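# Breakdown of the fold
As a plain string of letters, each chain reads:
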Amino acid sequence: MVEVDGHGHVTADAEVVRWLVREQHPDLAELELRPADGGWDNQLWRLGEELAVRLPRTPRAPALLAKERRWLPLLAPRLPLPVPTPVRDGEPSARFPRPWAVTRWVPGSPADLTPIGRGEHAADALAGFLTALHREAPADAPANPDRGVPLKSLADGFDHGVAALAEGGLDARLADGARRVWADAVAAPESTAPPTWLHGDLHPANVVVTDGTLAGVIDFGELCAGDAANDLAAAWLLLPAGAAPRFFAAYGRTDPATIRRARGYAVRATLGLISVGQAAEKGLPGGKPTWGVAGRAALERVLADA
C-alpha cells in the first residue's frame, strides 16, 4: 500500500517496495528487505547486506535524488569515507508514483542516536573527508539558496527562527548566545575563494558512527557549490566538546574569518535541529526528539568555543 498525506508526503509499505524491486530489478528480488531509519526527504529500506532502497517521501525529494544520481558517482571515488552511491535507478510506476533508487548501504548508527565519542579520531576523519570533498566545483555544479551562500542573505530567516524557538521554550541563554555568534559571523569578511563542492547538510542524522568514531556520510540531497565554511560547521555539529581545534588543525585551510562564518552556519543548523525536536515535543508530524537533543548539545559547543 502507498499512503499520501495532505502535504504530498508518500509512504510505501514493504509489499510495494518488494514489488518495485522484483519488477524493475529482478536479480535483487530475493535479497532480504527490512525498514531502516530514513532521512527527512526519503524513506529507506535495507536490501540485503550491501544495498538500500531510497523512496522519495516529500515533494522535493525526487529532484534531490536526481542530483545525487548525477554527481555522487563522480565524487565518491575520491572520498575516504563510505557514502550511499547510487547503483540502480527506479522508475515511477502504477504502484509508486515517483522515481526511486538503489544505493550502497553505509553501515553504522546515525550520530543523533549514537554520538561520536572518540573526538580526536573523528576530527581527523572528518578533516580528511572534507579535504577530499572541498575541491573547486565546476561551473555546472548545483547551487543552493540556503547552503554555502553569504550569511547576510539568510539573516531574516535566522531572526525569525531564533524568535520562534525562544517562544517555543528555548532557554534564553542559548537564544541570546546564538544571536551573538550569528552577529559576529555575519560581520566576518565573506569568502573570496572559488566555490567548492559542499555536502551542505552535515548534521548528526546525516553521518553514521561505528566504534565511537565517524564511519560514513549519508544524505547528499543538499549537495552544492559554495563557501566551505558551510561544511566546516560540522566541527561543532558532529564532534564532541574540545575536538574542534584538532579538526581545524587537520583541515588546515582556514583563517579567522572562515572560522567565524563556520560558527554562524553551525548556529543556524542547530536551530533547525532544535526546531525539529520541539515539533516532536508537541506531537507534530516530522518531529524527531533526538534531533532536538543533538541540536542543543551542538549549540552549547559552539557557544563554548565562541
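Rules used throughout
Residues numbered from 1 in each chain as written. Predicted model: local features only at pLDDT ≥ 70, side-chain atom pairs only at ≥ 80, totals over all residues. Heavy atoms only, no water. Phe/Tyr/Trp six-rings, centres within 6.5 Å; stacked < 30°, edge-to-face > 60°. Helix = DSSP H or I, 4+ residues; strand = E, 2+ residues; numbered from the N terminus. Buried < 20%, exposed > 50% of the residue type's maximum accessible area, 1.4 Å probe, protein only. Lys, Arg positive; Asp, Glu negative; His and termini not counted. Salt bridge = Lys/Arg side-chain N within 4 Å of Asp/Glu carboxyl O. Contact = heavy atoms within 4.5 Å.

Once that is clear, we can look at the packing of aromatic side chains. Each aromatic ring pair is specified by the distance between its two centres and by the angle formed by the two planes. Applying the stated criterion across every chain yields a total of five aromatic pairs. Judged by centre distance (4.3 Å) and plane angle (5°), the ring pair of Phe158 and Trp182 falls under stacked. Of the two residues, Phe158 is situated in helix α4 (residues 155–167) and Trp182 in helix α5 (residues 172–187); the sequence distance between them amounts to 24 residues. Just as Phe158 is buried, Trp182 falls in that class too. Look at Trp236 and Phe248: their rings are 5.5 Å apart centre to centre, the planes differ by 50°, and that puts the pair in the tilted class. You can see Trp236 sitting in helix α7 (residues 234–237) and its partner Phe248 sitting in helix α8 (residues 244–251), a full 12 residues away along the chain. Phe248 matches Trp236 in its accessibility class, with the two residues each being buried.

By secondary structure assignment, the location of Arg263 is in helix α9 (residues 256–281). With no salt bridge to any partner, buried Arg263 finds its closest opposite charge in Asp184, at an N-O distance of 5.0 Å. Contact partners of Arg263, with chain neighbours within four places excluded, come to Val181, Trp236, Val302, Asp305 and Ala306.

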